[in-house]
Amino acid sequence: MRELILAMTVCLVLAGCKKGEVPSTHTQTLRQDSQWVETFFQDYAEAFRSKSRPRLLAKFCLPLTFLTKTGPIVFQDEEHLSTNLDALLRRYEEIQAVDWKYTIKDVRTIGSGIYLVEIEWQFFNARNELLYACDTSYFLAAETPAGAKVMAIIAHNEIERYEQALKRKKGA
């Protein structure tokens, strides 16, 4: 039931907050918000580069919801999230991705201590060649006792872009 409420909340929030629009009470803090978001994603990318399971797991709230075209996927516990992260890292290894860079496209305050962050990820091989880029949205809780954490993720086009990169690699 909690997952359904979270998914419905996300839908309602997205419907009521247009791209680039920040509620007027939070306009003044957008620049400050962007700085901690930058720091968060620097550490997030470094956790992936280092393949550190503890560092990666520390970035997420549980339960964690992935919103997909086919419906939400909810990870209730650390074991299932860890298994998913391991599979994700194996996928990156399969296309020989060794570095992750990102561009923060948008940061929106959508509630008290809750932010929607739009990111473009770029995945590179050891020769610093772009393998693929994709767009991902993150719902961040900014004020957890352990610092900012991801509550939900929308991977808009990663599966398609990854599969294209995999085809290119196999065809080469």
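Residues numbered from 1 in each chain as written. Predicted model: local features only at pLDDT ≥ 70, side-chain atom pairs only at ≥ 80, totals over all residues. Heavy atoms only, no water.

Draft legend 1. Region of the structure containing unusual backbone geometry. Cis geometry is found at the peptide bond from Leu 62 to Pro 63, where omega equals 0 degrees. By secondary structure assignment, the location of Pro 63 is in strand S1 (residues 60-68). Even without being glycine, Gln 96 reaches a positive phi, approximately 65 degrees. Counting through the fold element by element, Gln 96 comes out in the loop between helix H4 (78-94) and strand S3 (99-111). Of the residues examined, Gln 96 reaches a relative accessible area of 49% and is grouped as partly exposed. The backbone phi angle of Asn 128 is positive, close to 65 degrees, even though this residue is not glycine. (Helix = DSSP H or I, 4+ residues; strand = E, 2+ residues; numbered from the N terminus. Buried < 20%, exposed > 50% of the residue type's maximum accessible area, 1.4 Å probe, protein only.)

Draft legend 2. Just the side chain of Asp 99, in detail. Of note, Asp 99 is situated in strand S3. For Asp 99, the side chain forms a polar contact with the side chain of Arg 49, separated by 2.4 Å. Sequence-distant contacts of Asp 99, that is, excluding residues within four places in its chain, are made with Arg 49, Gln 122, Phe 123 and Phe 124. (Polar contact = N/O pair within 3.5 Å; in protein donor to acceptor, adjacent residues only side chain to side chain. Contact = heavy atoms within 4.5 Å.)

Draft legend 3. Inspection of the packing of aromatic side chains at higher detail. The tally for this structure, following the rule as stated, stands at 20 aromatic pairs. Their ring planes at 70 degrees and their centres at 5.6 Å tell us that Phe 41 and Tyr 44 sit as a pair that is edge-to-face. Within this pair, Phe 41 and its partner Tyr 44 are both found in helix H2 (residues 30-50), separated by three residues, close to a single helical turn. The exposure class of Phe 41 is buried, given its relative accessible area of 0%. Tyr 44 gets classed as buried once you look at its relative accessible area, which sits at 4%. Between Phe 123 and Tyr 132 the ring centres are 4.4 Å apart and the planes differ by 15 degrees, which places this aromatic pair in the stacked class. The class of Phe 123 is buried, set by a relative accessible area of 2%. A relative accessible area of 4% places Tyr 132 in the buried class. Geometry around Tyr 162 places Arg 91 over its ring, the cationic atom sitting 3.9 Å from the centre. (Phe/Tyr/Trp six-rings, centres within 6.5 Å; stacked < 30°, edge-to-face > 60°. Lys NZ or Arg CZ within 6 Å of the ring centre and 35° of its normal.)

Draft legend 4. Seen up close, the nonpolar core. Within the largest apolar cluster, 38 residues are counted, with the highest numbers of intra-cluster contacts made by Phe 41, Tyr 44, Trp 121, Tyr 132, Tyr 138 and Val 150. Considering every element that reaches this core, the biggest residue donor is H2, with seven residues. Filtering out sequence-adjacent residues up to four positions away, Val 150 remains in contact with Phe 40, Tyr 44, Lys 59, Phe 60, Cys 61, Leu 64, Tyr 138, Phe 139 and Leu 140. (Core = buried A, V, L, I, M, F, W, Y, C linked by side-chain atoms within 4.5 Å.)

Draft legend 5. Examining the sheet that holds S3 more closely. Reading across from one edge, S2-S1-S6-S5-S4-S3 is the order of the six strands in this open sheet, with mixed pairing throughout. The open sheet has two edge strands, strand S2 (71-75) and S3, and neither has a second partner. Here the strands of the sheet are splayed against their neighbours by 20 degrees on average, with no regard to which way each runs. Of the pairings in the sheet, the one linking strand S4 (residues 114-124) to strand S5 (residues 130-141) comprises eleven bridges and is antiparallel in character. Across the sheet, residue Ile 119 finds its bridge partner in S5, namely Thr 136. The sheet contacts of H4 involve S1, S2, S3, S4 and S5, and relative to S1 the element is tilted by about 55 degrees. Seen against the sheet, helix H5 (residues 158-171) touches S4, S5 and strand S6 (149-155) and runs at an angle of roughly 160 degrees to S5. (Pairing = 2+ DSSP bridges. Axes fitted to C-alpha atoms, helices over the stretch in contact; angles between N-to-C directions.)

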